[in-house]
Amino acid sequence: MGSVNVDDILEDLPARLGRLVSRPQPTDAPVTQAVVLDSDDTDRDVSGAIVCLMGVRGREALPMVRRLALSRPVAVALKGTAGEAQEIEELLRPAGVGLFLIEQAAAWDTVLGVINGRIQNTDYHSDVLALIEEDLFAIAQTTARLTASHVVIEDAANKVLAYSTVSNDIDELRRASILTRRGPRKYETLLKDLGAYRELHRTRGVVRVPERPEDGLKERAAIAIFAGERVLGYIWLQATGSGIAHAVDDLLVGAARRASAELIRHRNEQSVHLREDRVARLLSNPDEAAASAGFAQIDPDRPACLLLVGLGPGDARAADAELKRGELANLAALHAAAFKASAVVGQHCGETAIVIPELRSHDASSALRSLADAIVKDAARLGVEVHIAIGRAAPSLFALRTTAGETTAVLRRLRRAGQQSVATLDDFEAEVVLDEAGRAFELSPFRHRALTRLCFEDEELAQTLVGYFASGLDVAECGRRMGLHKNTVYYRVAKASRLTDLDFGYPAHIAIAVLHLELWKAKQLTTPDGATWA
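Everything numeric in this text was worked out from a predicted model, so none of it was measured.

A. Region of interest: the nonpolar core. Core analysis: the largest hydrophobic core is formed by 51 residues, its most contacted members being I235, L307 and I388. For this core, the element with the highest residue contribution is helix α9 (residues 249-267), accounting for seven residues. With near-sequence residues (within four places) excluded, I235 lies in contact with V151, V152, I153, A221, A222, I223, I225, L252, A255, A256 and A259. A293, V355, A409 and A423 belong to the second-largest nonpolar core, a separate cluster that totals 25 residues.

Put into structure tokens, the structure is as follows:
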């Protein structure tokens, strides 16, 4: 582990949290721990520590400071005024102990997060660092594209963790923070004076900071990244072009929740194997689902729903399909997190899957469709066509896997139909059942020989049968749709019946014909010797 000193801590400590009144002697004394003391603590080991005095302010801390001067920690941090700091400094300086003066309104957990974050930062494994950077940069880039803004993600000490692609529209603050991975202190002080940080800590929502041309600052929108009541960092949007739109709030909320999950994993130093697909576990057996739900603090006994998000046929065949799948997964994750903090995004059968747990009731169809519509709309802004299948609400997370098959079938039907972007089983139930029957029939070695021969040898008759069945056996309607006289339709249907020895007024024979014609339309009908219609 590398050595950390008070100057390193000061570099990470935002101006709004506090300042270093005096340095320890020697100035490069290594800091190895942060220790919290109150008035009852007397025998703690404070060697190599920055000691945070909680529960006392100003002169109330003098008895504790006298004892600490004898124990000689690296530095002491406490809340108080500048006048009180002078008296305390006079006690600590002869002992070579440094002094941090913390702002009265600052939260101790935030201060401790800065100190511990710097101490632990030198001990993270390189693979975890690479993963967190990759994930945060993806969040920043997707958010930037959707909001037409420049995005920066910072930790609680205002160190830049990730940012979107740099454009010519960034202002001095953002340019400096990217170059140095930290914003200049004068701008931190300015934002503090404007009340931006106070408001960010007060609310879970989006805070807007008007532009200040006199200070070289463009308009900004920001949100704090919370873990419980603790602030882990911030996401900043800097306006480009026409400014920041009013519709960015949900996207920022989703981005903050996604970033929170990544930062928590980063702080806990979780290894790569724990990044396994949580959706697969939730759709597995009850034991796996219960373990995954427990890890995510999800109530498995409440209703849940699965959404599958897939690329349109054109995008799925494109050369950059994998890149588009990645962008779509990031987009879905942002919207899902904004919709529900406990939402889980992963993969299922090669598609982006969203599990929405802890639904308030079984009837959440309207809200889920709004979520799907929002994803489709923003995907279009990224130049990506998507289809989203919304599964049935399962009574519990344990029962969710029973809906996965039909949700996958709905997505397949959506792609085939190509006429709408979002659907549930209610929209396509008959068609989905027919599709699945056709898939099962495709795997069967049995074919009606005469009907198969007709499809291969007489496309005109086959097309007429397709139109006849699609028209509900209505000859006049079939003729109207196909531009034929009804007598022509009568003649062709009768000829097909004669050649195949099938009665197209008999339900069983109709079912046989429809299954063959479905495969024929999809160019998947084969002859007994394995030949395929082309």
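Anyway, onward from the coordinates.
B. Highlighting the packing of aromatic side chains. Applying the stated criterion across every chain yields a total of five aromatic pairs. With 6.1 Å between their ring centres and 75° between their planes, Y197 and W236 make a pair best called edge-to-face. Here Y197, found in helix α8 (residues 196-202), pairs with W236, found in strand β10 (residues 230-239); they are 39 residues apart in sequence, far enough to count as distant. With 5.7 Å between their ring centres and 45° between their planes, Y468 and F469 make a pair best called tilted. Looking at Y468, the relative accessible area reads 10%, which means it is buried.

C. Layout of the pattern of salt bridges. Overall, the coordinates contain 16 salt bridges when judged by the stated rule. Taking the shortest distance from any N to any O, the salt bridge between K521 and E518 comes out at 3.0 Å. You can see K521 and its partner E518 sitting in helix α21 (residues 507-521), three residues apart, about one turn around the helix. Judged by its relative accessible area of 43%, K521 is partly exposed. Each member of the salt-bridge network shares a partner with another, and the members are R416, E518 and K521.

D. Fine view of the sheet that holds strand β1 (residues 18-22). Ordered in space as β1-β5-β4-β3-β2, the five strands form an open sheet in which the pairing is mixed. The open sheet has two free edges, formed respectively by β1 and β2 (33-37), since each of these has just one partner strand. Ignoring which end each strand starts from, the neighbouring axes of this sheet average 25° apart. Bridge count between β2 and strand β3 (residues 49-57): five bridges; the pairing is parallel. Residue pairing across strands places Q33 opposite A49, the latter belonging to β3. Packed onto the sheet, helix α2 (residues 62-71) meets β2, β3 and β4 (75-79) and runs at close to 165° relative to β3. Each of β1, β4 and β5 (98-102) is contacted by helix α3 (residues 82-92), which is oriented at about 160° to β5, the strand it contacts most.

E. Summary view of the sheet that holds strand β8 (residues 207-209). What the five strands build is an open sheet, ordered β7-β6-β10-β9-β8; its pairing is antiparallel. The open sheet has two edge strands, β7 (160-163) and β8, and neither has a second partner. Within this sheet the neighbouring strands show an average axis-to-axis angle of 25°, counted without direction. For strand β6 (residues 149-155) and β10, the ladder comprises seven bridges, and the chain directions are antiparallel. Each bridged residue has a counterpart across the sheet, and for I153 the counterpart in β10 is I235.

What counts, and where the lines are drawn
Residues numbered from 1 in each chain as written. Predicted model: local features only at pLDDT ≥ 70, side-chain atom pairs only at ≥ 80, totals over all residues. Heavy atoms only, no water. Core = buried A, V, L, I, M, F, W, Y, C linked by side-chain atoms within 4.5 Å. Buried < 20%, exposed > 50% of the residue type's maximum accessible area, 1.4 Å probe, protein only. Helix = DSSP H or I, 4+ residues; strand = E, 2+ residues; numbered from the N terminus. Contact = heavy atoms within 4.5 Å. Phe/Tyr/Trp six-rings, centres within 6.5 Å; stacked < 30°, edge-to-face > 60°. Salt bridge = Lys/Arg side-chain N within 4 Å of Asp/Glu carboxyl O. Pairing = 2+ DSSP bridges. Axes fitted to C-alpha atoms, helices over the stretch in contact; angles between N-to-C directions.

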